[in-house]
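Below are the chains, spelled out letter by letter.
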Amino acid sequence: MMLLSSGMTLAVTTDQGQQITLNPMDHPLSDRYSNGSFVIDTDTQGTPVAVVPQVTPTTDDDNQQ
Amino acid sequence: MVAIAHLQPQQLGLKAMLTAYLEHRRDVVVRRAKFDLAKAQTRAHIVEGLIKALSILDQVIKTIRGSKDKADAKNNLVREYDFTVAQAEAIVSLQLYRLTNTDVTALQAEAAALAKTIARQQDIISKPAVRDKVITDELQAIGKTYGSDRLTEIEAEVENLQVDTTVLVADEQVMVQVSRDGYVKRSSLRSYQAVSPDSNGLKDEDAPVYTAQLSTLTHLYIFTTKGNMIYRQVHELADTKWKDSGEHLSQTVGLAPDEQVLSVFAFDQLDGDGAFTIGTSDGYIKQTLLSELQPTRTYKSKAIVAIKLKDADATVTNVYFNAAGADALTVFVATYGGYGLTFALDEVPVSGARAAGVKLINLKPADHVANFAVFTQPDNAVVGILTQRGAFKRMRVSEVPVTSRAKRGLQILRELKKSPHRIVA
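Residues numbered from 1 in each chain as written. Chains lettered and ligands numbered in written order. Predicted model: local features only at pLDDT ≥ 70, side-chain atom pairs only at ≥ 80, totals over all residues. Heavy atoms only, no water.

**Student:** Help me understand the overall build of chain B, please; the structure alone is not making it clear to me.
**Tutor:** When helices and strands are counted, chain B shows seven helices and 20 strands. Sorting the 425 residues of chain B into buried and exposed places 41% on the buried side. The contacts of chain B with a sequence gap of at least 6 include a subset with a gap of at least 24, amounting to 72%. (Helix = DSSP H or I, 4+ residues; strand = E, 2+ residues; numbered from the N terminus. Buried < 20%, exposed > 50% of the residue type's maximum accessible area, 1.4 Å probe, protein only. Contact = heavy atoms within 4.5 Å.)

Here's what the structure looks like:
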């Protein structure tokens, strides 16, 4: 579970060591009774074990914005 | 320091060095006393002979006048008056002016003084207390002659001995990277720009947790999944090329084999206000002030405990930093079993660094906290939820109304009878 912000992409790690990039904005908002939509084929890519926001390097140019 | 003691090079502390010096002084004093004793005894023997000779002066003169030469005079004195050879030699060498009454008195005074000296030297040789008194007196005399006032001040307690190393460090901008598996590095901007950002030097199964351009004087707080906080200033990180992996934290700080870096915070100053919010997988949460998590004297070799994990298998799920004066904050927590709970962060008390915290959510047996988030506007906050079956959904936090801490919460996934979805960490 991850707090989302605009422009954020997620890096999903599976138990097979695969790194999958996920763009949350590609998915619609759901209610709490929804189970969402399948984005990872667990048979071929493995079971997701960790999700972290993909780190975008912060440079001086970003700080000045 | 290393010194030669008892003919062997040894590592000696202050006490051992002083003890060795005292042993040396005792040896010196005994040798000197033995020398002085022998000298005084020899002189006393001569003086005794001279006094005896003066008491029978007429017979002695007569014997000397009746002798053939000096050697014969000495032999006659030894034979007739039981003088020793040394005494006889002193008598025949005696100058005539020494025969005055004054000189006899002087010889008697000398004999008395020599007797005292002999007794004193014998005491020094045979009595350790007398010997130590001599050493004490001599050291005090040296102190009086050559001593100078202490320039330093001895205090009962040293308040805060801090060397400001920042004045020695050049303030320059560098790129910093900390990876999930614990590799840290700093690289020059030139090295960073020379390669593509993806060439970060990490293994395929590792990933950067933090990458930023920082000053070499910036303070980094690196939190791990086992509740430890590792403090470093940027200039203390290994200076490597951007395409190199960097230095592993376990090279300086002991990390558990399954311990990973969770999050990294950068501070320009450490005296600011604000608090960390730390939550664990076994359902505890706490706030700890930045001032409570200051680097210790041993920070380079030892991680600082940021939260006490009640369950050895538990991990820290997330760490947030809330600057002082921020708007009212809300917490949303999601569990592996699919429960979600929203409550105000004000319900979480501020506690010390070693505290375990308070209950975050009422977990069902075998359930654990997948993650939690802290934010300001619950109406606009959106979370992403990924399940072990590979499903992803976006959901507004407002789907779970704000209640209070330590409750069970609401289901945020539809529970399936077969292959139910579970939220991954």
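**Student:** How should the overall build of chain A be read in this particular structure?
**Tutor:** The secondary structure content of chain A amounts to two helices and six strands. Taking contacts inside chain A between residues at least 6 apart in sequence as the whole, the part at least 24 apart equals 56%. Carbon together with sulfur atoms contributes 47% to the accessible area of chain A, which is approximately 3,600 Å² in total. (Areas by Shrake-Rupley, 256 points an atom, 1.4 Å probe, with all protein chains shown as cover.)

**Student:** Quick question: what am I supposed to make of helix 3 (residues 70–81) of chain B here?
**Tutor:** Within an α-helix, residues lying three or four positions from one another point in the same direction, as the helix has 3.6 residues per turn. Residue and element names in this part refer to chain B. In a regular helix each residue adds 1.5 Å, so 12 residues correspond to 16 Å; helix 3 covers 16 Å between its end C-alpha atoms and thus fits that length. Residues of helix 3 that are buried include every one of Ala 73, Asn 76, Leu 77 and Tyr 81, and no others. Taken end-on, helix 3 shows its buried residues confined to a sector of 100°, consistent with a single buried face. Buried residues along helix 3 sit against helix 1 (14–55), helix 2 (57–65) and helix 4 (85–92). (Expected span 1.5 Å × (residues − 1). Arc of directions from axis to C-beta.)

**Student:** Any chance you could explain the interface of chain A and chain B here in plain terms?
**Tutor:** Interface size is commonly expressed as the accessible surface area that is lost when the partners come together. Contacts between the two partners involve 38 residues from chain A and, on the opposite side, 49 residues from chain B. Together, A:Met1, A:Arg32 and A:Asn35 form the three largest contributors to the area buried by chain A at its contact with chain B, with a combined 27%. Inspection of the region where chain A meets chain B yields zero salt bridges. The tally of links between chain A and chain B comes to 17 residue pairs in polar contact (both at pLDDT 80 or more). Element by element, the count of residues in the side of chain A that touches chain B is highest for strand 6 (residues 48–53) of chain A, at four residues. The residue inventory of the side of chain A that touches chain B, partitioned by class, reads 21 nonpolar, 14 polar and three charged. (Buried area = accessible area lost by both parts, 1.4 Å probe. Salt bridge = Lys/Arg side-chain N within 4 Å of Asp/Glu carboxyl O. Polar contact = N/O pair within 3.5 Å; in protein donor to acceptor, adjacent residues only side chain to side chain. Nonpolar A, V, L, I, M, F, W, Y, C, P; charged D, E, K, R; others polar.)

**Student:** Before we go on, may I ask you to explain the confidence of the model for chain B in this structure?
**Tutor:** Caution applies to low-pLDDT parts of the model: their predicted coordinates are not meant to be read in detail. In this model, chain B carries an average pLDDT of 91, and 98% of its residues clear a pLDDT of 70 or more. Per the prediction output, this complex has pTM 0.66; the corresponding ipTM is 0.89. (pLDDT = per-residue confidence, 0-100.)

**Student:** Honestly, the pattern of salt bridges in this entry has me stumped. Any pointers?
**Tutor:** Side chains bearing opposite charge may pair, as long as their charged atoms lie close to each other. All names here are of chain B. Going through the model one piece at a time under the given rule, you end up with 14 salt bridges over all chains. One salt bridge connects Lys 74 with Glu 89, and the closest N-O pair in it is separated by 2.6 Å. On the criterion of sequence distance, the pair formed by Lys 74 in helix 3 and Glu 89 in helix 4 is long-range, its members being 15 residues apart. Among the salt bridges present, the one from Asp 258 reaches Lys 226, with a minimum N-O distance of 4.0 Å.

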